[in-house]
Amino acid sequence: MHDHLLTPALISRITGEVVNDITVEPVHTGFTSQTTRVYFNDRSVFIKQPAAQSFQQDLSERFQAKSKESRFYRELVSHTRIPTPVCLYIQDDPWMLCLEDLGPVSSHQKLGLDSDQAEQAVAVLAQLHLDFVEPPSGLSTFADSVGIAQADLQTWRSEEHTSELQSPCNLV
């Protein structure tokens, strides 16, 4: 993670507030990124940065995860009705997103979802799918993207990276 880039000056520039001190709390490491909560001035924001492990960075590059997520917040978020945090800042190199903190997720939260949370997640994903069945100009259909991702993941798995996956999840 690039915690050394998270400074009071950066948070000041992003928020437009005078920030003299920050506290950084790692929250989650996923397959392609890490999230951190940054506390300042009696509030907080979420920062997404590239994951630290090389296999995670490779996976992110193969799926163009950073550019796709940046594009979502720059161009596509206005085309969906799903609740999304406000994106306060996007930096391309090194990649970083600063998002509104919707709380209350913490690094101590258990992994997995209960049945109500799972049902809500499926409903949000269904809405996202519906919003892009007829995608905005220049965006591939959801089905095209899934097919490409499945083919690329199979290629990636056939290479030397299979042993690096540390999750029991079957991704395809």
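Everything that follows concerns the structure shown earlier in this document.
What comes next concerns the included structure. (Residues numbered from 1 in each chain as written. Predicted model: local features only at pLDDT ≥ 70, side-chain atom pairs only at ≥ 80, totals over all residues. Heavy atoms only, no water.)

Let's talk about the sheet that holds strand E2 (residues 33-40)
In plain terms, the rule: Two strands qualify as a pair provided DSSP detects at least 2 bridges between them. Each helix is a run of H or I in the DSSP string that is no shorter than four residues. Each strand is a run of E no shorter than two, and both are numbered from the N terminus. Lines fitted to C-alpha atoms define the axes here, with helix axes fitted over just the stretch in contact, and angles between the N-to-C directions of these axes take values from 0 to 180 degrees. Contact criterion: two residues are considered in contact whenever any of their non-hydrogen atoms come within 4.5 Å of each other.
Taking strand neighbours across the sheet as the criterion, the five strands line up as E1-E2-E3-E5-E4 in an open arrangement whose pairing is antiparallel. The open sheet has two edge strands with one neighbour each: strand E1 (23-29) and strand E4 (87-92). Going from strand to strand, the sheet's axes swing by 20° on average, the running direction of each strand aside. Sheet analysis places E2 next to strand E3 (residues 43-50), joined by eight bridges and oriented antiparallel. In the strand pairing of E3, serine 33 is matched with proline 50. Sheet strands in contact with helix H1 (residues 8-15) are E2, E3, E4 and strand E5 (95-100), and its direction is about 120° off that of E4.

Re H1
Along an α-helix, residues three or four positions apart point the same way, because every turn accommodates 3.6 residues. Heads up, the condition is: Buried, partly exposed and exposed residues are distinguished by accessible area as a fraction of the type maximum, computed with a 1.4 Å probe on protein chains only: under 20%, between the cut-offs, and over 50%, respectively.
If you check which residues of H1 are buried, you get Leu10, Ile11, Ser12 and Ile14. Buried residues along H1 sit in contact with E2, E3, E4 and E5. Glycine 16, located one to two residues past H1, shows a positive phi value of around 75°.

Notes on the side chain of threonine 80
Selection rule: Any N or O atom pair separated by 3.5 Å or less is treated as a polar contact, with the protein-specific requirement of one donor-capable and one acceptor-capable atom, and with residues adjacent in sequence counted only for side-chain atom pairs.
Relative to the assigned elements, threonine 80 resides in the loop between helix H3 (65-76) and E4. A polar contact of 3.3 Å, which involves the side chain of threonine 80, links it to the backbone nitrogen of isoleucine 82.

A look at H3
Those residues of H3 not exposed but buried are Glu69, Ser70, Phe72, Tyr73 and Leu76. Tucked into the core, H3 has its buried residues touching E3, E4, E5 and helix H4 (115-131).

What about the nonpolar core?
Note the threshold: Put simply, buried Ala, Val, Leu, Ile, Met, Phe, Trp, Tyr and Cys residues joined by side-chain atoms within 4.5 Å make one nonpolar core.
Leu6, Ile11, Ile22, Val38, Val45 and Ile47 are the most contacted members of the largest nonpolar core, which has 13 residues in total. For this core, the secondary-structure elements that each account for two or more residues are H1, E2, E3 and E5. No other element matches the three residues that H1 contributes to this core. Phe72, Tyr73, Ile90 and Leu97 belong to the second largest nonpolar core, which has nine residues in total.

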